[in-house]
There are 2 protein chains.
Amino acid sequence: MLPLPTSVRPQGGAFTLRETTGLGGDRRFIAASRWLRGVLQASTGFDLDARIDLRTDSIAFIHDGAVVPGGYHLEVGAEGVRIAASDASGAFSGAVTLTQLLPAEANRRALVRGVDWTVQATIIDDEPRFGWRGVMLDVARHFLPKADVLRFIDLAARHKLNVLHFHLTDDQGWRVEIDAFPRLTEVGGWRTESQHGAARHAPGDGRPHGGFYTKDDLREIVAYAADRSITVVPEIDLPGHARAIIAAYPELAVPDVAQDADEPSVWTRWGINEAILDMGEETVAFFRTVFDEVMEVFPSTFIGVGGDEAKKARWAASARTQALMAERGLASVEELQAWFIRQLEAHLAAAGRRLYGWDEILEGGGLPQGATVASWRGEFGAVAAARSGHDVIACPDDRVYLDYRESDDPREPIPVGPPLTIAEVYALEPVPAELTDDEAKHVIGVQANIWTEHMDSARVIDYQAYPRLCALAEVAWVGRERDFAGFESRLEQHLERLDALGVEYRRASGPMPWQERPDAEGRPSTREQRAALVAELTKDIRA
Amino acid sequence: MLPLPTSVRPQGGAFTLRETTGLGGDRRFIAASRWLRGVLQASTGFDLDARIDLRTDSIAFIHDGAVVPGGYHLEVGAEGVRIAASDASGAFSGAVTLTQLLPAEANRRALVRGVDWTVQATIIDDEPRFGWRGVMLDVARHFLPKADVLRFIDLAARHKLNVLHFHLTDDQGWRVEIDAFPRLTEVGGWRTESQHGAARHAPGDGRPHGGFYTKDDLREIVAYAADRSITVVPEIDLPGHARAIIAAYPELAVPDVAQDADEPSVWTRWGINEAILDMGEETVAFFRTVFDEVMEVFPSTFIGVGGDEAKKARWAASARTQALMAERGLASVEELQAWFIRQLEAHLAAAGRRLYGWDEILEGGGLPQGATVASWRGEFGAVAAARSGHDVIACPDDRVYLDYRESDDPREPIPVGPPLTIAEVYALEPVPAELTDDEAKHVIGVQANIWTEHMDSARVIDYQAYPRLCALAEVAWVGRERDFAGFESRLEQHLERLDALGVEYRRASGPMPWQERPDAEGRPSTREQRAALVAELTKDIRA
């Protein structure tokens, strides 16, 4: 099983699924029940209808208020399977565990003949370490079609991840339909070409790229994820990474600072664009409207506002911005960004939501208490945020950025960043050692981040994400004490499940020949280089 | 509805799906029933459990031997829906029709709130014109991941297509695992790069491409298709289009004729490669084994052997081949290919299967009666085959090759061939006018062909296939008399379904900016140029 359950007690005997097996139980767990029926019906061909009899031959979901939230109690005996939970998320995790107790063929989407659908009797008690077990998917750098997003979500759910941080906008594309501002997708939803590889001097590929999700698509994605106990947390990245916005609505740019020659087109290069939003009231009003529409589609408590890597030097060079700062009594551009984040926070809070941003939102001071920080530049943000009472999601780049190459094998496709092996992902301890127990409670989760500059299809995402995301899922679920050797041996069985699911994961031996990218140059760095850069970048929040 | 049913008689009243609606019926129609439940449960959120009561509030599948095979009788009344059929295929088509009577939101994969799931009362009697309503998908030129193949199949099924002609091998890649000959996938399953665009002088893109399906994957694809009443007809293309085979097993090539300098690597160019198999007994034995393994995976009556575009001039230049011909009393290279096809036919027939090949198998004479011809070069093959008593699938390139550009709009991505508008697809009459009624009975079906040289993802396949495949589906289902204006108006509603399904179809206005391919040159021709070429190519079968 993967992630490893808290307690597994094998029992004598076994249960065999058959044509007559029933599947059902407490109505509160209808989503888990339906998902499990869909999975098992497809591969076994059995009806598994809802007429269950608790005494014999059934898989039953049972409500039990004594089970910890998010956890489950699973019993397999000769008479059937009982999955007890106190909430839908726990019931769903129990359902996932059951699929992992069955032969790997249970993961195929149509009838597999000649399989003995027997499960050894067992008693499992299980609960997650973190309430936020996340994965961030960047659909801005490369648009991922809806069908692939749904598949990505289902795969994440099968690893008991429960948050999809959905990075919907960036310099290279705006992917969410906003009725009030149609140019965001009409203009911002596509670019004329993409940089071919990671090297600074990389050429453009000449091929247009684009796409966006309608609101109905996003509602479908949200509902599909909810059926799998996954919350979709949308991110609208502001006030930097804003070039697609400025391409669509140039009036939102700082007006009195020179623009790049090719602005305001949607960016066709990778890296950090100079474009930054003007901090006038018009911008705030614009994004209040945007977030109103975003909140209408995404019921998530947390709403992402980005906040990362804004090129504030352009504000510093703007007389208009300086005047705005003076007017507002702000002493630095960091304070100006903090002011902007507070405006958004107030708007989200008024709607009962919580702001979620990258650890740069700690800079400039005055971050409202409810704001939650994704700590990505080492542990520095996590420490600073937790100490100042903010909730934190740990996602240190050197442990969870799955765009980083998996090894220093020269065959790795478009290598970027330092090598990040599956063992290193597995070794992540999300709670910084220097935090006190009270501070540590603010670390409410952990997530992997999938930046897609160099992932132009679901096939490449498969390669970069798996099996490292399996390791992250175990970090998120299991306690501090973990055994990599045991994980490796369970992973070997788990890869059979991924094979059945059609996941084109990275083999331990490295890329298959067709997963290599000799055509596109990378930009690898060492761990030491990266650590030095992060130390430099986080001077402000460490101070 | 699309395709248009044979008879639709609107009635008074309506039926509304609700939480309590049951869905079930005759066990023989369990696949249709499960598919429909999955579709409707996802979008409505209703249980639709199997406890049905024919008197009230249910969707019921009923066996009725009086309904024509493949057809169905559908009644919607206040009390529920009845779908009567005499076979599983008819029941499935009835289920598809019901999804089209519901709001387009029924096609989404998760709960849609606020929809009134009401169907107006109606009585529909419907039956298909052709028993073979096909689409050919080329996964050799570009490998399509399993998840995308399953999605392609589900979309085809929603258009009442019932055959997937699966083009699994070609010069540019071999996609099917064969246990006896592992190098077919190890070596033949990938290429070092792909030609960038259609122009003769197009450069290579430098990016490796590959992938293959395991036998378990293929069994899953077959079973998933069967659940949707689609038969998967595999094609192993021989004796030409064989360069991936020869790359893997060079000993299968004609030994005494000069090879291209870069042979025997898997081909990285588009077009027709010179590589051709040696016609010794070893080759026949090799492919007997290959087809044994193929037949083990694919239960289809029809098994494709290709037969198209073999460069027989290389046989003519081979002393060894001339000796083989003399030994076998064969007077021409056409007769040699016909001999080879007969060897395969005998092997397939011994296993109770029927050989299926492109219309070149008519050349050289002696084609066994059971062999079925895919007539692709105009109508010539269809006429010749039907007159000589062979069954025919009509797929004339100028009407159904969906890689051909949809218009002469210069924005069409990588234009190849003559323009092929949706109106032209719709106007196809699969039965050549010159056939007598008796001869015409041999035209047992029609199919669209999707060659993927320039379709490197499911997104591009969506663009090229839809909505033209909707027109082909109506050609395959509806009789000779069709009304394009009516189709166009129904298509407008149908596009809402495709939107819900996430199909990135071509807009009537042309490609979206990101669907253009300014980076890759095409190789368009006119209808006249194409017709002249086809006339030249088919001299032999017309004689």
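Right above here is the structure, for reference.
Residues numbered from 1 in each chain as written. Chains lettered and ligands numbered in written order. Predicted model: local features only at pLDDT ≥ 70, side-chain atom pairs only at ≥ 80, totals over all residues. Heavy atoms only, no water.

A.B. asks: Help me out: how do you make sense of the relation of the copies chain A and chain B in this one?
C.D. replies: Here the second copy of the chain follows from the first by a rotation about an axis and a shift along it. For the pair chain A and chain B, the superposition axis carries a translation of 0.0 Å, the fit reaches an RMSD of 0.0 Å, and the rotation angle comes to 180 degrees. Expressed as an axis order, the relation between the two copies is that of a two-fold axis. Interface overlap between copies is the fraction of interface residues in one copy that are interface residues in the other; for chain A against chain B it reaches 100%, indicating a shared surface. (Least-squares fit on C-alpha atoms with pLDDT ≥ 70 in both. Contact = heavy atoms within 4.5 Å.)

A.B. asks: Which parts of the structure should I look at to understand helix α9 (residues 319-328) of chain B?
C.D. replies: Side chains that are three or four residues apart share a direction in an α-helix, a result of its 3.6 residues per turn. All names here are of chain B. T321, L324, M325 and R328 are the residues of α9 that are buried. Across the axial projection of α9, the buried residues extend over an arc of 100 degrees, all falling on one side. Those residues of α9 that are exposed and aimed more than 90 degrees away from the buried face are A319, A326 and E327. Tucked into the core, α9 has its buried residues touching α7 (281-297), α8 (313-316) and α10 (333-350). Immediately beyond the C-terminal end of α9, within one or two residues, lies G329, with a positive phi of roughly 65 degrees. (Buried < 20%, exposed > 50% of the residue type's maximum accessible area, 1.4 Å probe, protein only. Helix = DSSP H or I, 4+ residues; strand = E, 2+ residues; numbered from the N terminus. Arc of directions from axis to C-beta.)

A.B. asks: How should the pairing of strand β15 (residues 354-358) of chain B be read in this particular structure?
C.D. replies: Regular strands place side chains that alternate from one sheet face to the opposite one. All names here are of chain B. With respect to burial, β15 is a largely interior element, four of its five residues being buried. Sheet analysis places strand β14 (residues 302-306) next to β15, joined by four bridges and oriented parallel. Considered in β15, the bridge of I303 is made with L355. The pairing of β15 with strand β16 (residues 372-375) spans three bridges and is parallel. In the sheet register, W358 faces β16, and the bridge partner there is A374. (Pairing = 2+ DSSP bridges.)

A.B. asks: Please clarify how the pattern of salt bridges should be interpreted in this entry.
C.D. replies: Between side chains of opposite charge, a pair can form as their charged atoms come close. According to the stated counting rule, one finds 91 salt bridges over all chains in the structure shown. R27(B) is the salt-bridge partner of D47(A), the closest N and O atoms lying 2.6 Å from each other. With D47(A) in the loop between α1 (30-44) and β3 (58-63) and R27(B) in the loop between β2 (22-25) and α1 (30-44), this pair bridges two chains. Among the ionic pairs, R108(A) bridges to E220(B), the shortest N-O distance being 2.7 Å. Linking R108(A) in the loop between α2 (88-101) and β6 (118-126) with E220(B) in helix α5 (residues 215-227), this pair reaches from one chain into another. Here the two residues R108(A) and E220(B) agree in accessibility, since each one is buried. Where salt bridges share partners, they join D179(A), K215(A), D216(A), R219(A), E293(A) and E296(A) into one cluster. (Salt bridge = Lys/Arg side-chain N within 4 Å of Asp/Glu carboxyl O.)

A.B. asks: How should I be thinking about the packing of helix α16 (residues 468-477) of chain A against helix α17 (residues 484-501) of chain A in this particular structure?
C.D. replies: Between two packed helices, both the angle of their axes relative to each other and the distance between the axes serve to describe the pair. All names here are of chain A. Closest axis-to-axis distance for the α16/α17 pair is 11 Å, and the angle between their directions is 125 degrees. The orientation of α16 with respect to α17, classified from their angle, is oblique. For the pair α16 and α17, the crossing hand works out as right-handed. In contact with C470, A471 and E474 of α16, α17 contributes F487, R490, L491, H494 and L498. When the residues that make up the contact of α16 with α17 are grouped by side-chain class, the tally is five nonpolar, one polar and two charged. (Axes fitted to C-alpha atoms, helices over the stretch in contact; angles between N-to-C directions. Parallel < 35°, antiparallel > 145°, perpendicular 65-115°, else oblique. Left-handed = near helix turned anticlockwise from the far one by under 90°. Nonpolar A, V, L, I, M, F, W, Y, C, P; charged D, E, K, R; others polar.)

A.B. asks: Can you walk me through the state of the cysteines in this structure?
C.D. replies: Put plainly, a disulfide is one covalent bond tying together the sulfur atoms of two cysteines. Residues and elements named next belong to chain A. Here the structure, examined in full by the defined rule, presents zero disulfides over all chains. Distance from the sulfur of C470, which forms no disulfide, to the nearest cysteine sulfur (C395) is 19 Å. By relative accessible area, C470 is classed as buried at 0%. (Disulfide = S-S within 2.5 Å.)

A.B. asks: Explain the environment of L98(B) to me, please; I cannot follow it from the model alone.
C.D. replies: Residue and element names in this part refer to chain B. Among the structural elements, L98 can be located in helix α2 (residues 88-101). Taking the C-alpha atoms as reference points, L98 and I341, separated by 243 residues in sequence, lie 44 Å from one another. Look past the residues within four positions of L98 in its chain and what remains in contact with it is L36, I59, L74, V81 and V119.

A.B. asks: Would you mind showing me how to read the side chain of R353(B) here?
C.D. replies: Residues and elements named next belong to chain B. Mapped onto the secondary structure, R353 falls in the loop between α10 and β15. Side-chain polar atoms of R353 contact the backbone oxygen of S300, separated by 2.8 Å. Non-local contacts of R353, meaning those with residues more than four positions away in its chain, are made with M295, F298, P299, S300, T301, I303 and L348. (Polar contact = N/O pair within 3.5 Å; in protein donor to acceptor, adjacent residues only side chain to side chain.)

A.B. asks: Sorry if this is basic, but what is going on with the sheet that holds β15(B) here?
C.D. replies: Picture the strands of a sheet paired through backbone hydrogen bonds; they go either parallel or antiparallel. All names here are of chain B. Ordered in space as β7-β8-β13-β14-β15-β16-β17-β19, the eight strands form a closed barrel in which the pairing is parallel. Here the average twist between neighbouring strands, direction ignored, is 30 degrees. Relative to strand β17 (residues 392-394), β16 is paired through three bridges, and the arrangement is parallel. The residue of β17 that forms the bridge with A374 is I393. Against the sheet, helix α16 (residues 468-477) contacts β7 (132-138) and β19 (443-450), and its axis sits at roughly 175 degrees relative to β19.

A.B. asks: What is the right way to look at the interface of chain A and chain B in this model?
C.D. replies: Taken together, the contacts link 52 residues of chain A with 52 residues of chain B. Counting the surface chain A buries against chain B, the share from its top three residues, R109(A), R207(A) and W514(A), is 18%. One can count 20 residue pairs in polar contact (both at pLDDT 80 or more) joining chain A with chain B. Those elements giving two or more residues to the side of chain A that touches chain B turn out to be α1, α3 (146-157), β12 (209-210), α5 (215-227), α15 (458-465) and α17 of chain A. The residue inventory of the side of chain A that touches chain B, partitioned by class, reads 20 nonpolar, nine polar and 23 charged. (Buried area = accessible area lost by both parts, 1.4 Å probe.)

A.B. asks: Looking at this model, I keep getting lost on the sheet that holds strand β13 (residues 231-238) of chain A. Mind explaining?
C.D. replies: Spatially, eight strands are ordered β7-β8-β13-β14-β15-β16-β17-β19 (chain A) in a closed barrel, and the strand pairing comes out parallel. Each adjacent strand pair in this sheet contributes to an overall mean axis angle of 30 degrees, direction not counted.

A.B. asks: Looking at this model, I keep getting lost on the packing of helix α9 (residues 319-328) of chain A against helix α10 (residues 333-350) of chain A. Mind explaining?
C.D. replies: All names here are of chain A. Packing of α9 against α10 leaves a shortest axis separation of 11 Å and a crossing angle of 70 degrees. Relative to α10, the element α9 lies roughly perpendicular. Listed contacts from α10 to T321, M325 and R328 of α9 are V333, L336 and W339. The residue makeup of the contact of α9 with α10, split by class, is four nonpolar, one polar and one charged.

A.B. asks: Just to check I follow, could you spell out a negative patch on the surface for this structure?
C.D. replies: On the surface, E105(B), E488(B), E492(B) and E496(B) cluster together into a patch of negative charge. Summarising the element assignment, E488(B) is placed in helix α17 (residues 484-501). (Patch = residues over 30% accessible without salt bridge, like charges linked within 9 Å, V, L, I, M, F, W, Y side chains within 5 Å. Areas by Shrake-Rupley, 256 points an atom, 1.4 Å probe, with all protein chains shown as cover. Lys, Arg positive; Asp, Glu negative; His and termini not counted. Charge placed at Lys NZ, Arg CZ, Asp CG, Glu CD.)

A.B. asks: Explain unusual backbone geometry here, please?
C.D. replies: As a rule of thumb, non-glycine residues mostly have phi less than zero, and peptide bonds are mostly trans rather than cis. In the segment running from Y466(A) into P467(A), the intervening peptide bond is cis, with an omega of 5 degrees. Topologically, P467(A) is positioned in the loop between α15 and α16. Located in the positive-phi region is E309(A), a residue other than glycine, with phi close to 55 degrees. With respect to the element layout, E309(A) can be found in the loop between β14 (302-306) and α8 (313-316). The phi dihedral of K160(B) is positive, around 65 degrees, even though this residue is not glycine. Looking at the secondary structure, you find K160(B) in the loop between α3 (146-157) and β8 (163-167).

A.B. asks: Could you clarify how one ought to interpret helix α11 (residues 380-387) of chain A in this entry?
C.D. replies: Residues G381(A), A382(A), V383(A), A385(A) and A386(A) constitute the buried set of α11(A). Positive phi shows up at G389(A), right after α11(A), with a value of about 85 degrees.

A.B. asks: When you look at the side chain of R108(A) in this model, what are you seeing that I'm missing?
C.D. replies: Given a relative accessible area of 9%, R108(A) falls into the buried group. Separated by 3.0 Å, the side chains of R108(A) and D217(B) make a polar contact. Among residues more than four places away in sequence, those in contact with R108(A) are V39(A), A42(A), S43(A), D499(A), A500(A), K146(B), T214(B), D216(B), D217(B) and E220(B).

A.B. asks: For this particular structure, what's the right way to read the environment of E474(A)?
C.D. replies: All names here are of chain A. Here E474 lies in helix α16. With 341 residues separating them in the primary sequence, E474 and R133 have C-alpha atoms 9.5 Å apart. Sequence-distant contacts of E474, that is, excluding residues within four places in its chain, are made with L2, P3, L4, Y426, R482, F487 and R490.

A.B. asks: How do you make sense of the environment of F92(B) when you look at a structure like this?
C.D. replies: All names here are of chain B. You can see F92 is positioned in helix α2. F92 gets classed as buried once you look at its relative accessible area, which sits at 3%. Distance from F92 to Y356, taken between C-alpha atoms, is 26 Å for residues 264 residues apart in sequence. Sequence-distant contacts of F92, that is, excluding residues within four places in its chain, are made with A32, W35, A157, D227, R228 and S229.

A.B. asks: Hey, could you run me through the packing of aromatic side chains in this one?
C.D. replies: Geometrically, a pair of aromatic rings is defined through the distance of the ring centres and the angle of the planes. Residue and element names in this part refer to chain A. Counted by the stated rule, this structure contains 36 aromatic pairs over all chains. A ring pair is formed by F302 and Y356, whose centres lie 6.5 Å apart and whose planes are at 75 degrees; its orientation type is edge-to-face. Taken as a pair, F302 in strand β14 and Y356 in strand β15 (residues 354-358) lie far apart in primary sequence, 54 residues in all. Neither residue differs from the other here; F302 and Y356 are each classed as buried. (Phe/Tyr/Trp six-rings, centres within 6.5 Å; stacked < 30°, edge-to-face > 60°.)

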